[in-house]
Amino acid sequence: MTNPTIRFIRRGQVVTLVNVPPTRTLLEVLREDLGSTGTKEGCGEGDCGACTVVLGEAVEGRIEYRAINACIRLAHSIDGLALWTAEDLASDPLIGPSAPKPSRANGAAGLHPVQEALVQCHGSQCGFCTPGFAMSLFGLYQTKAPGAPVTRDDAASALSGNLCRCTGYRPIVDAAVSMDRFPVQRVNEAELLTKLEHIKSIPRWGSADFDPDSIYMTPNDLPQLLALRRQHPEAQIVAGCTDVGLWVTKQHRDFAKVLDVTRVAELRRVERYPHHIAIGAAVTLADAFDALVADRPQLQSFAHRFAGLPVRNSGTLGGNVANGSPIGDSMPLLIALGANVVLMSQRQGKTRSRELPLEALYTGYRQNVMAADEVLAWIKVPLPEPAEFLRVYKISKRFEDDISAVCLAISLHREDGRIRRVSIGAGGVAATPARARQTEACLLGRAPDSATFEAAARVLQAEFQPISDMRASAAYRRELLGNLVRRFGLETQGQTNTSIESLVLEDLA
């Protein structure tokens, strides 16, 4: 069994790590192996954002920046990437203007605009969460055009995965919109691309391009992935590790072998066809939702509320679907959209695939129909039709960065004053994400009026037997199901004041 070498760029230099266990997290490597304790350890589950760092990846001749949670990201997954922590912003020679960085009046080294803005706006508060906030803002700073202003909406989106324990959000947001007031200091992407290309050419397994007996396997293409899955069915498949990472940090689980799908080129694409889009299983949640929102703009708010940005930057749509959590928010939506999944394997030297409706994937709590040698490769989502009326509702204790108590998605098509097609996906009310077939049958062929939706509400309340847990009681969940159907009925009739998001203070006055 071999352990691949990890190489990444930090502060303009190649960092090389050897003998790193497959389940060691990036945060553990930073704090314990490299002594970089500026990155903080908070919740250990990607929820608070104290451990946020930024990764840079070469994509089609440019650098793609993503703020991610280091506490649940496996260290091996950053091989071949660039890494920045809060300790690097003022010391990375690849960041800044061509002239040397100016010194502050007190003699300290010149700060990055992100850091200077936080200082000037008093956004540091107690300081524990500040490194995470700084890195989320650095990711925003690098993705905006040079010198472009940052809006408060930009800041709210970028900081959606960071929690401030001092309730000091106003000065932090003030800092975000102030970053462009300071001299521009950006990453020298041309030089970084050269360095990333250099480490990409160095094999991780010594003289070999790939070692099939590695304990951390990172195939580059689909045939290689399928072959490895056939040879190592016991290996734990990972992508962004936004859930598997919790198995490591909270359940202290260990895996003898890990199969990372995030480098498989075919699975990193969103492909568009005449009647559907095909989202590769390794496409990040951020990119997958961008593709869905491009076709259905009404999903923008829901996409923003799916976890925080660092989780969406790391996690993948395929991972969320394959994981099969009954409170995974993407599945009710995909069920309502009529999505199918494509499972692939390699048998007798041939590549095989089968396609099935997403709701047919699950057989029980976190159980599915996939064979030991199969992988989930694609999610196929039909394109919208002109008559489609779609809504998806997420009910949670916090508006952002929270897990749903109930998630309900409804897609309805009307024709000649009748409901001709309807698809309903529900989460948080059963052992698996589920399709509400009885409620669909209640709606089909009827006029979309108040009586119809009242009847459907009662059917939906009886269709599932939700449990009580820390997020909501069973009775509350049933009440929610009924009320959400009633709300959907009002919205089909043109009412727009059914959501806090749509309320205008002046109208209330």
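Before reading on, note that the structure itself is shown above.
Worth saying up front: this structure is predicted, and the values here are computed from it rather than measured.

(A) A look at the sheet that holds strand β15 (residues 375-382). An order of β9-β10-β15-β11-β12 is seen for the five strands of this open sheet, with the pairing classed as antiparallel. The open sheet is flanked by β9 (270-272) and β12 (350-357), the only strands paired with a single partner. Averaged over all pairs of adjacent strands, the angle between strand axes in this sheet comes to 25°, irrespective of strand direction. The pairing of strand β10 (residues 276-280) with β15 spans five bridges and is antiparallel. The residue of β15 that forms the bridge with Ile279 is Ile379. Sheet strands in contact with helix α7 (residues 222-231) are β11 (340-347), β12 and β15, and its direction is about 70° off that of β11. Set on the sheet, helix α9 (residues 285-295) makes contact with β9, β10 and β15; between it and β10 the angle comes to about 170°.

(B) Structural context of the packing of helix α2 (residues 113-120) against helix α3 (residues 130-143). Close contact between α2 and α3 brings their axes to 9 Å; oriented N to C, the two are set at 130°. In terms of orientation, α2 lies oblique with respect to α3. The two elements α2 and α3 meet at a crossing, and its hand is right-handed. Mapping the contact onto sequence places Pro113, Val114 and Leu118 in α2 and Thr130, Ala134, Leu137, Phe138 and Tyr141 in α3. Partitioning the contact of α2 with α3 into residue classes produces seven nonpolar, one polar and no charged.

(C) Here's a closer look at the sheet that holds strand β8 (residues 258-260). What the three strands build is an open sheet, ordered β6-β8-β7; its pairing is parallel. Because the sheet does not close on itself, it has two edges, and the strands there are β6 (216-217) and β7 (236-238).

(D) Focus on the packing of aromatic side chains. Taken as a whole and assessed by the stated rule, the structure comprises eight aromatic pairs. Between Phe289 and Phe302 the ring centres are 6.2 Å apart and the planes differ by 80°, which places this aromatic pair in the edge-to-face class. Of the two residues, Phe289 sits in helix α9 while Phe302 sits in helix α10 (residues 300-305), which places them 13 residues apart along the sequence. Residue class for Phe289 comes out buried when judged on its relative accessible area of 5%. Phe302 sits in the buried class, given a relative accessible area of 5%. Relative to Phe488, the ring of Phe453 has its centre 5.9 Å away and its plane inclined at 70°; by these criteria the two rings are edge-to-face. In this pair, Phe453 is assigned in helix α15 (residues 450-463) and Phe488 in helix α16 (residues 474-492), connecting sequence segments 35 residues apart. In textbook terms, an aromatic cluster arises when at least three aromatic residues are bridged by ring pairs, as seen for Tyr65, Trp84 and Phe138. Lying across the ring of Phe399, Arg305 places its NZ or CZ 4.3 Å from the centre.

(E) Seen up close, the pairing of strand β17 (residues 406-415). Summarising burial for β17: eight of the ten residues are buried, a large majority. With nine bridges joining them, β17 and strand β18 (residues 418-427) adopt antiparallel strand pairing. Its bridge partner being in β18, His413 is matched across the sheet by Arg421. With antiparallel pairing between neighbouring strands as the criterion, β17 and β18 make up a hairpin whose turn holds two residues, including Asp416 at a positive phi of roughly 55°.

(F) Examining the pattern of salt bridges more closely. Under the criterion given, the structure shown has 32 salt bridges. In this structure, Asp295 engages Arg272 in a salt bridge whose closest nitrogen and oxygen atoms are separated by 2.9 Å. A residue pair is termed long-range when its members are at least 10 positions apart, and Asp295 in helix α9 and Arg272 in strand β9 qualify at 23 residues. On the accessibility criterion, Arg272 (48% relative accessible area) is partly exposed. Residues Glu355 and Lys380 are paired through a salt bridge, measuring 3.0 Å at the closest nitrogen-oxygen approach.

Definitions and cut-offs
Residues numbered from 1 in each chain as written. Predicted model: local features only at pLDDT ≥ 70, side-chain atom pairs only at ≥ 80, totals over all residues. Heavy atoms only, no water. Pairing = 2+ DSSP bridges. Helix = DSSP H or I, 4+ residues; strand = E, 2+ residues; numbered from the N terminus. Axes fitted to C-alpha atoms, helices over the stretch in contact; angles between N-to-C directions. Contact = heavy atoms within 4.5 Å. Parallel < 35°, antiparallel > 145°, perpendicular 65-115°, else oblique. Left-handed = near helix turned anticlockwise from the far one by under 90°. Nonpolar A, V, L, I, M, F, W, Y, C, P; charged D, E, K, R; others polar. Phe/Tyr/Trp six-rings, centres within 6.5 Å; stacked < 30°, edge-to-face > 60°. Buried < 20%, exposed > 50% of the residue type's maximum accessible area, 1.4 Å probe, protein only. Lys NZ or Arg CZ within 6 Å of the ring centre and 35° of its normal. Salt bridge = Lys/Arg side-chain N within 4 Å of Asp/Glu carboxyl O.

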